[in-house]
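Descriptive structure summary
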Amino acid sequence: MGLLDILLGRTKPVAPDLDQLFALPSAAVTLQAAAGFTPTGGGAVCFATVEGAAFEQTHREVQALLDADADRTGPPVELRRDDYGYSWLVSRRTPDQLPQLVNDLHAVNSSMEVNGFGPQLLCSLAGFEYSSESQEGAGHDGGRAGRTLALVYLYKRGTFYPFAPLPGSSRSRDGALELQVKAALASDLRIEQDLSRWFPVWGAPGL
């Protein structure tokens, strides 16, 4: 980065670092203690859809690899397309298998990279849900009962951000909760500091 970049406050984008995903299990412990959210066991990798035999073969190989895991007891890995035309490779584990889910997310991203589809990778997410049992004074949930939360990893930024949709179809999000999670996980995850990049992932599979 040159002197002009420094003076103008410009910075180079952070290179993708998939090993950041392995920090999620530790962050989950902090998240449970700070806000009462525990893993659902669901997660997904989002990528821009590419037409062609090579792309089709790559995601089918990834699905077959993950489904071959002897520890997988839930549904098979699923490829889904959302309303915006993006593709999601969805993995569902049991709530206590967050490390295995993280391995799945890492494997999908790595396989896409190795096969030349890194530029198509957009984000990965792990789902969480509110559990009053994880908080002192169970029963006083502050209106969070039944709520879900995602920790989203931005592939091209190498950073995470929380996404907390509010219940209902209004497509509103809980900004106060997202900022609470941001502060709580500052020592566990590389948090995205540019809030304009906290993109909503409405209806994301795996959440």
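Figured I'd write up the structure that's included with this text. Fair warning: this is a prediction, and the values are worked out from it, not measured in the lab.

Concerning the environment of Leu98
Inspection of the secondary structure assignment puts Leu98 in helix α4 (residues 98-114). Look at Leu98 and you get buried, because its relative accessible area is 6%. Leu98 sits 76 residues away from Phe22 along the chain, and the two C-alpha atoms are 9.9 Å apart. Not counting chain neighbours up to four residues away, the residues in contact with Leu98 comprise Leu24, Pro25, Ala28, Pro39 and Ala126.

Overview of the packing of aromatic side chains
The tally for this structure, following the rule as stated, stands at 4 aromatic pairs. Ring centres of Tyr161 and Trp198 lie 6.1 Å apart, and the angle between their planes is 15°; on these two criteria the pair is classed as stacked. In this pair, Tyr161 sits in strand β6 (residues 159-163) while Trp198 sits in the segment after α5 (175-184), placing the two residues 37 residues apart along the sequence. Residue Tyr161 is classed as buried on the basis of its relative accessible area, which comes to 2%. Judged by centre distance (5.2 Å) and plane angle (75°), the rings of Phe163 and Trp202 are edge-to-face.

Conventions and cut-offs
Residues numbered from 1 in each chain as written. Predicted model: local features only at pLDDT ≥ 70, side-chain atom pairs only at ≥ 80, totals over all residues. Heavy atoms only, no water. Helix = DSSP H or I, 4+ residues; strand = E, 2+ residues; numbered from the N terminus. Buried < 20%, exposed > 50% of the residue type's maximum accessible area, 1.4 Å probe, protein only. Contact = heavy atoms within 4.5 Å. Phe/Tyr/Trp six-rings, centres within 6.5 Å; stacked < 30°, edge-to-face > 60°.

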